[in-house]
Amino acid sequence: MSVKISRIGKVTEPEKAVIETREVMSPKQGQVLIKIKSSAICGSDIHIFKGKHPSAPLPMTIGHEFSGDVAEIGEGVTSVAVGDRVTVEPCIVCGTCDACKHGDYGYCENISFTYRNGDGAMADYILINEPYVYKLPEYLTYDTGSLIEPLSVAAHAVRRADICLGETVLVIGAGAIGMLVAAICRKSGAAEVIIADHSDERLAAAKKLGATMTVNSGKVNLEEEIFRITNGKGVDKSFECVGLEATFLQAMMTLKKNGMATIIGIFENPRINIPASRFVTHEIKIQGAQGYCWDFPIALKIARELDLELLITHHFSLNDIQKALETCLDRKSGSIKVLLHP
C-alpha cells in the first residue's frame, strides 16, 4: 500500500497555527483519497483558532469546507472515479443509534466531524468514506465547490425554519452563513429578508445575494429599527448567526407573537440570560440548527442559482495558514470567505 506525505494545518495553542506533516495511506475498502484543491476557513475554525470552541479542545486539526480531485479509490468504491472533481460532507456518524437507523443521521448520538478526528481539510490530501463524497457539477469551480458545506448548513437551518410564502425574516450576522441563509430564505418565498451586521461591506454583499433590506446594527438600535420597519409587529422568523448573548436576545425580542427564532451561531460563552416571560406573553419558539442531514444534494442544486464567488474575498497558500486565520480575525480586512490552496 502506497504512502503519501501530506501537510496539514493544526492549531496548537490559542491564535497559533502550524503546518505539520503526516503519512497518508492509500484508501482502504470503501474509502476515497482526495487531493485538496481549495479549502475555506469557517467561523468554527476561527473559534478553534481562538481556543474557544466548546466542542474542539486544542490541539486540533482544522478545515472541513473543501473541494478537490479523487486521487485514489479503495476496493468497492463505485460512485466516484479517479480524476473526478468532488466535495465532501465532513461528518462522521455511528450508523447504529436510533437516529441513524431512522435515517436522521444529523441527530446521531455519536456524531463527530473529520477535523476532530485528525483529518483536517487544510491539507494536501484527505481520506473520506465513500458515502460522504459528492461530485461537483460543471457549474461549480473548486473554489465555489468548497462552499457547499456552509451552503448545506444554511439550507438545513432554513428548512428547519419552514419559511413560508410572504413572510418577513430577520437574519442577524452577515458572515457567510448569514448571507447564505438570507439568500435561501428569499428563494423559499420570504417577501422581506432583512439582514443586520456592523459591516457595511458585508451588508452590501448580502444584498447582492438576495437580502431585500439591510440594517447596520452598529449604528442603530436593531430592535427599534425592526419594529419601525414592521409597523410594530416584529418579524415572522429570525436567524441568529453570530453566537453572542446580545444577538440571541435580538433574535428573540424582534419576533412577532407566535414567531420563531433559529439559532445557528456558536457560543463561546454557552451561558446567557434571557427574559423567560417572553415565551409566555408572545408564545414564541426558539430552536437550534447544527450541521446538515440530507442537505448536501439540496445545496448542490441551490448553488446553480447563487453567485457564491461574491463570498470569496481572500486567497492564501496553505503555508500561510497563520496569516490567513489572522486575516479572518482582522475586522479591517473585509474578509468574508478566506480560501487556502495547497
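Residues numbered from 1 in each chain as written. Predicted model: local features only at pLDDT ≥ 70, side-chain atom pairs only at ≥ 80, totals over all residues. Heavy atoms only, no water.

1. Considerations on the pairing of strand β13 (residues 213-216)
Keep this limit in mind: Note on pairing: DSSP must find at least two bridges between two strands before they are called paired. Here a helix means four or more residues in a row that DSSP labels H or I, a strand means two or more in a row labelled E, and each is numbered from the N terminus. Handedness of a crossover is defined as follows: with both strands directed away from the viewer, a clockwise route from the first strand across the helix to the second makes it right-handed.
Across four bridges, the pairing between strand β12 (residues 192-197) and β13 is parallel. Within β13, the position partnered with Ile-195 by the bridge is Thr-214. In this region the chain leaves β12, passes through helix α6 (residues 200-209) and returns to the parallel neighbour β13; the handedness of that crossover is right-handed.

2. Re helix α5 (residues 176-187)
Put simply, the rule reads: The length a helix should cover is 1.5 Å for every residue beyond the first. Relative accessible area decides the class of each residue, using a 1.4 Å probe on protein chains only: under 20% of the type maximum gives buried, over 50% gives exposed, and in between gives partly exposed.
Taking 1.5 Å as the rise per residue, α5 with 12 residues should run 16 Å; its terminal C-alpha atoms sit 17 Å apart, in good agreement. In terms of residue burial, α5 counts as a mostly covered element, since nine of its 12 residues are buried. Of all the positions in α5, only Ala-176, Gly-178, Met-179, Leu-180, Val-181, Ala-182, Ala-183, Ile-184 and Cys-185 are classed as buried. Phi for Gly-189, located one or two positions after α5, is positive at around 115 degrees.

3. What to know about the pattern of salt bridges
The following threshold applies: Salt bridge, as used here, is a side-chain nitrogen of Lys or Arg placed within 4 Å of a carboxyl oxygen of Asp or Glu.
In total, this model carries 14 salt bridges according to the counting rule given. The salt bridge involving Arg-22 is made with Asp-119; its shortest N-O contact spans 3.2 Å. Residue Arg-22 is found in strand β2 (residues 16-25), and its partner Asp-119 is found in the loop between β8 (112-113) and β9 (125-129); the two are separated by 97 residues along the sequence. The class for Asp-119 is partly exposed, based on a relative accessible area of 23%. Lys-256 is the partner of Asp-236 in a salt bridge, and the nearest nitrogen-oxygen pair spans 2.5 Å. You can see Asp-236 sitting in strand β14 (residues 235-240) and its partner Lys-256 sitting in strand β15 (residues 255-263), a full 20 residues away along the chain. Owing to a relative accessible area of 15%, Asp-236 belongs among the buried residues under this scheme.

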